[in-house]
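Close look at the chain arrangement
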Amino acid sequence: MSKRKKIALIGAGNIGGELAALIARKQLGDVVLFDIPSKTNFAKGKALDLEQNSAILGYDASITGSSDWKDCAGADVIIVTAGIPRKPGQSRDDLVATNLPIIRSVADGAKEHCPDAFVIVISNPLDAMVYEYKRRTGAPREKVVGMAGVLDSARFQLFLAREAGVSVKDVRAMVLGGHGDDMVPVLSATTINGVNISKFIGKEKLDAIIERTRKGGGEIVGLMGTSAYYAPASAAVAMAESYLLDQKRLLASAVYLTGEYGYNDLYMGVPVVIGGGGVEKIVELDLSADEKEMLAKSAKSVQGITDVVKASA
Ligand code: APR
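This is a predicted model, so every value here is computed, not measured.

Concerning the UniProt feature "binding site: NAD(+)" (unreviewed entry) in the chain
Mapped onto this numbering, the UniProt entry annotates "binding site: NAD(+)" (unreviewed entry) at Gly11, Ala12, Gly13, Asn14, Ile15, Gly16, Asp35, Asn99, Ile122, Ser123 and Asn124. Here, the largest pocket is lined by Gly11, Ala12, Gly13, Asn14, Ile15, Gly16, Asp35, Asn99, Ile122, Ser123 and Asn124 out of the annotated residues. Topologically, Gly16 is positioned in helix α1 (residues 14-25). Mapping Asn99 onto the fold places it in helix α3 (residues 96-113). Asn99 sits in the buried class, given a relative accessible area of 1%.

The following block contains the structure:
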């Protein structure tokens, strides 16, 4: 008899709660919603609400709230949202001073209690936080990824679908680079069911959509006063599912680069095959000169914030 998988969600806030709801409905495994001691009851309450939901929706997952790392022991997957989200006017990089000590404490807890887990970091500034998680734990790069590209690509896909007047299901696109205002939508690989996007949308409109995608997170922060959580949670669950079910999906993910695309010792978004082995393949696309230039600009921003993290190590 096979045992259910265990998924530890580090941070029981907005994204953490939506992650738990999705994971339970998809029956990917049992869930531990972990938060700091002052939020133990909050995490327990959310977990109980979600468990009661199972009687209506009909799933079998157990969902527990905790602030004790021992309850996360042996997790197969960890998804990290611990930290504070953006407020209107803030950039993701503005969060580094607050979220750096938090990611370090999470890395220490996870290293001790769940050293074999596949880890997906969501906390911002994403590329620097996932870099620090890997550096601090010494975990292999196959097991530590950052969620950004799936979300940024989803935003891009939605805006393209609306403009082209087609179903979002048929839009294929990948957004690479850092999770910031310099992210790189790969137009050469952007199609509507295989037909290049240039057949549907002219350059001017396309440029406006790229700009809106780059500021897509900020647009929501401006409207809600805090950052998005439904689509970020779905994006991380797609990555977790690909690992747990060995789906081998090709997903834009922040991964530790050791020479790919010409970058070294840096986490940045590139196309990655995620399967039962974790990061099974990093795919190097033939980028156009323009795309390479955009990626270099994005890498420079990511390097800047990563250097801040390294300097305070
Ligand atoms: N360990 C566990 N949880 C922690 C820790 C810690 N050391 N420090 C903070 N947290 C918890 C907070 O108590 C809070 O419940 O992380 C949770 C974050 O939840 P929200 O404030 O609702 O933030 P959320 O919208 O979920 O975003 C979390 O993801 O997208 C990023 O920019 C976003 O960095 C932010 C993160």
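Here we look at the sheet that holds strand β11 (residues 195-196)
Read across the sheet, three strands follow the order β7-β10-β11 without closing on themselves; strand pairing throughout is antiparallel. Either end of the sheet is taken by a strand with one partner, and the two such strands are β7 (171-172) and β11. Alignment of β7 against strand β10 (residues 191-192), held across two bridges, turns out to be antiparallel. When the sheet's bridge partners are listed, Val171 is paired in β10 with Ile192.

Observations regarding the pattern of salt bridges
All told, the structure shown has 14 salt bridges when counted by the stated rule. In this structure, Arg136 engages Asp108 in a salt bridge whose closest nitrogen and oxygen atoms are separated by 2.8 Å. Of this pair, Arg136 sits in helix α4 (residues 126-137) while Asp108 sits in helix α3, and the two are 28 residues apart along the sequence. Assessed through its relative accessible area of 34%, Arg136 is described here as partly exposed. By relative accessible area, which is 37% here, Asp108 ends up partly exposed. Its salt-bridge partner being Arg135, residue Glu132 comes within 2.8 Å of it at the nearest N-O pair. Of this pair, Glu132 and Arg135 are both found in helix α4, three residues apart, which corresponds to roughly one turn of the helix. Classification of Arg135 by relative accessible area gives partly exposed; the value is 38%. Within the structure, one salt-bridge network assembled from shared partners comprises Arg104, Glu132 and Arg135.

Points about the pairing of strand β1 (residues 6-10)
Of all five residues in β1, four are buried; the element is thus mostly enclosed. When β1 meets strand β2 (residues 30-34), the two strands line up parallel, connected through five bridges. Paired with Leu9 across the two strands is Leu33, which belongs to β2. For the crossover from β1 across α1 to β2, the handedness is right-handed. Here β1 runs beside strand β4 (residues 77-80); their pairing, made up of four bridges, is parallel. Paired with Ala8 across the bridge in β4 is Ile78.

What counts and what doesn't
Think of each chain on its own: its residues are numbered from 1, step by step along the sequence as written. Given that the model is predicted, a residue must reach a pLDDT of at least 70 before its local features are reported, and side-chain atom pairs must reach 80 or more before they are shown or counted; all residues, however, enter totals for whole chains, interfaces and linings. Side-chain descriptors were evaluated using all non-hydrogen atoms of the structure, hydrogens and water having been removed beforehand. UniProt positions are given in the numbering used here, feature names are shortened, and annotations may be inferred rather than shown by experiment. Put plainly, a pocket is an open set of points on a 1 Å grid over the protein atoms alone with protein on both sides within 12 Å along at least five of seven lines, a cavity is a set where a 1.4 Å probe fits but cannot get out, and a lining residue has an atom within 4 Å of a point. Only DSSP runs of H or I reaching four residues or more are called helices, and only runs of E reaching two or more are called strands; each is numbered from the N terminus. The classification of residues rests on relative accessible area computed with a 1.4 Å probe and restricted to protein chains. Under 20% of the type maximum is buried, over 50% is exposed, and intermediate values are partly exposed. Should DSSP find at least two bridges between two strands, the strands are regarded as paired. Any carboxyl oxygen of Asp or Glu within 4 Å of a side-chain nitrogen of Lys or Arg constitutes a salt bridge here. Whether a crossover is right-handed depends on one test, that the path from the first strand over the helix to the second runs clockwise when the strands point away from the viewer.

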